[in-house]
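Descriptive structure summary
Take a look at the letters that make up each chain.
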Amino acid sequence: MSGVSFDALWSAIPYPAFIVAPDDSIAGANPSAEEFGSTSEKQMHGKPVDYYLGANSVVMEVVRQARKNDIPVTQYNVMVGWLGNVPTLQNVHAVPMREACDKILILLHPQGRAAKMDRSLTHRSAARSVSGMAAMLAHEIRNPLAGISGAAQLLEMGLTDADRELTGLIRGEAERIGSLVDRVEKFGDLRPTQRIAFNIHDVLDRTRRSAQAGFANHVRFREDFDPSLPPALGDPDQMLQVFQNLMKNAAEALPPTGGLITVTTAFRPGVKLSRPGGRSESLPLLVVIGDNGPGIPDSMVADIFDPFVSSKVNGTGLGLSLVSKIISDHGGVVECESRPGRTRFLVRLPISRDEQVSEEG
Ligand SMILES: Nc1ncnc2c1ncn2[C@@H]1O[C@H](COP(=O)(O)OP(=O)(O)OP(=O)(O)O)[C@@H](O)[C@H]1O
Ligand SMILES: [Mg+2]
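Fair warning: this is a prediction, and the values are worked out from it, not measured in the lab.

Moving on, we come to the overall build of the chain. In terms of regular secondary structure, the chain is built from twelve helices and 14 strands. Across the 361 residues in the chain, those meeting the buried criterion constitute 30%. Put simply, 64% of the contacts in the chain that link residues at least 6 apart link residues at least 24 apart.

Structure below.
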């Protein structure tokens, strides 16, 4: 960090950042914070945070937790108001600054991804009827498709090599439609999500092994697991699908040689998701699937969790929207960070209070 002054860093942070003193007064605000509050740092300095955020702001709750436990605390999906302004949806990070007389740093991160998830939640019933339709269509396509491939197979018997190439084409394309139908049908799967305690490392291991035997056989894997992780809560089969989609995307982005996928787990006790109605759920389980591929183009990164967004010739663009659907059914959060050489998908999940891991998991 030598040569970089605190002031330069402080002004460069593109998100509103505040420093809160032990008496809950504002001890600092960066330029983004001044802009966020339409208030100068000079005006804010020394005033109680409550004055701006309101007496019952969740932000102060996050600050108090960080202070009490002396750990960084993050809460997703918090409505943050400022004086009389219309509240906006933010992720709130509160970080204890031990070297600075027990002050707390607050960072507000306007919601991109999670806001999207929220939108997908409000559109859930629409999505349900679409997926019901998809399931029905998939079912109806399958029968004639089987007929087409069967007929091509029969025709093949009495043909010359040149014509056999054509029947091969028919069968190949029918197979392709078949696998597309499979994926659409999976997306439309309306089975309720199981809620059992399961070992996330077993699921990750299983996914990694099947990936290495198939679509990721050109890639090196590195695992960095936190062995003390408590059991996760949810549906292990659906989670397997999540990690399979993430690893498949990573493998598809990686070159034939030199590709590396990293699978990391960690316990982050200070992460919460606010729910409508003021409740919040703890999401301490972190799984990161990373790769050293070329990254996701800036123009795409905001939309990759939407259905049918794909840069691949044969891609359906359903992989990541399935991932985000499953994670949101689990009450979790998925985020993506990407730059050339380093792409990471971060999955945050609730844990089970049961120590006992179910046999199925
Ligand atoms: N690890 C990654 N590195 C680079 N680009 C990625 C990565 N993961 C996703 N993407 C981009 O996001 C797009 C959407 O991914 P998604 O899994 O939803 O669909 P897809 O992989 O294109 O199709 P499908 O999953 O149906 O095969 C991809 O086409 C790709 O451009
Ligand atoms: Mg994919």
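Quick look at the packing of helix α10 (residues 236–253) against helix α12 (residues 319–329) now. Taken N-terminus to C-terminus, the directions of α10 and α12 make an angle of 145 degrees; their axes are 9 Å apart at the nearest point. You can see that α10 and α12 cross each other, and the crossing is left-handed. In this structure, α10 uses Q238, Q241, V242, N245, L246, K248 and N249 to contact α12, whose residues at the interface are G319, L320, L322, V323, I326 and I327. Taken together, the residues of the contact of α10 with α12 sort by class into seven nonpolar, five polar and one charged.

This next bit is on the site of ligand 1. Lining the immediate environment of ligand 1, one finds 22 residues, of which N249, S310, G315, G319 and L320 sit closest. Those elements that place two or more of their residues in the shell around ligand 1 are α10 and α12. The residue makeup of the shell around ligand 1, split by class, is eight nonpolar, twelve polar and two charged.

The next subject is the pairing of strand β1 (residues 17–20). As judged from the four bridges shared by β1 and strand β5 (residues 103–110), these two strands associate in the antiparallel manner. Bridging from a neighbouring strand, I19 pairs with L105 of β5. As paired elements, β1 and strand β2 (residues 26–29) share three bridges and run antiparallel to each other. Looking across to β2, one finds that V20 is bridged to I26.

Another point: the sheet that holds strand β12 (residues 285–291). Strands in a sheet are paired, the pairing made by backbone hydrogen bonds, and the direction either parallel or antiparallel. Reading across the sheet, the five strands line up as β7-β9-β12-β14-β13 and stay open at both edges, with mixed pairing between neighbours. The open sheet terminates on both sides in strands that have one partner only, identified here as β7 (220–224) and β13 (333–339). Sheet twist, expressed as the average angle between the axes of neighbouring strands with direction ignored, equals 15 degrees. In this sheet, β12 lies alongside strand β9 (residues 260–267) in antiparallel orientation, the contact comprising seven bridges.

Before going further, it helps to examine the sheet that holds strand β10 (residues 271–274). Pairing in this open sheet of seven strands is mixed, and the strands run β2-β1-β5-β4-β3-β10-β11 from one edge to the other. Edge strands, defined here as strands with exactly one partner in the open sheet, are β2 and β11 (280–282). On average, each strand axis in the sheet is tilted by 25 degrees relative to the strand beside it, whichever way the strands run. Examined bridge by bridge, β10 and β11 share three bridges and lie antiparallel to one another. Within β11, the residue paired with K272 across the bridge is S282.

A word on the nonpolar core. Counting residues in each nonpolar core, the largest one holds 41 residues, and the members touching the most others are M247 and I289. When residues of this core are assigned to their parent elements, the largest contribution, seven residues, is made by α10. Those residues in contact with M247, other than ones at most four positions away along the chain, are T207, A211, A216, I261 and I289. Core analysis: the next-biggest nonpolar cluster, separate from the first, contains 28 residues, F36, V73, I104 and I106 among them.

This brings us to the packing of helix α9 (residues 200–213) against α10. A pair of packed helices is characterised by two quantities: the angle between their axes and the separation of those axes. Contact geometry for α9 and α10: axes closest at 9 Å, N-to-C directions at 45 degrees. Viewed along their axes, α9 and α10 adopt a mutual orientation that is oblique. Judged by the twist between their axes, the crossing of α9 over α10 is right-handed. Every residue of α10 that contacts α9 at V203, L204, R206, T207 and A211 is listed here: P236, M239, L240, F243, Q244, M247 and A251.

Here the phi dihedral of D24 falls at roughly 65 degrees; this positive angle occurs in a residue that is not glycine. The class of D24 is partly exposed, set by 15 C-beta atoms lying within 10 Å.

If you check α9, its first and last C-alpha atoms are 20 Å apart, about what 14 residues at 1.5 Å a residue would give, namely 20 Å. Taken together, the buried positions of α9 are occupied by I200, V203, L204, T207 and A211. Around the axis of α9, the buried residues are gathered within 95 degrees of arc, so they sit on the same side. Projecting away from the buried face of α9 at angles above 90 degrees are the exposed residues R209 and A213. The elements touched by buried residues of α9 are β6 (196–198), β8 (232–234), α10, β9 and β12.

Rules used throughout
- Residues numbered from 1 in each chain as written.
- Chains lettered and ligands numbered in written order.
- Predicted model: local features only at pLDDT ≥ 70, side-chain atom pairs only at ≥ 80, totals over all residues.
- Helix = DSSP H or I, 4+ residues; strand = E, 2+ residues; numbered from the N terminus.
- Buried ≥ 20, exposed ≤ 12 C-beta atoms within 10 Å, placed from the backbone.
- Contact = placed C-beta atoms within 7 Å.
- Axes fitted to C-alpha atoms, helices over the stretch in contact; angles between N-to-C directions.
- Left-handed = near helix turned anticlockwise from the far one by under 90°.
- Nonpolar A, V, L, I, M, F, W, Y, C, P; charged D, E, K, R; others polar.
- Near = placed C-beta within 6 Å.
- Pairing = 2+ DSSP bridges.
- Core = buried A, V, L, I, M, F, W, Y, C linked by C-beta atoms within 7 Å.
- Parallel < 35°, antiparallel > 145°, perpendicular 65-115°, else oblique.
- Expected span 1.5 Å × (residues − 1).
- Arc of directions from axis to C-beta.

All quantities given are derived from atomic positions and should not be read as evidence of function.
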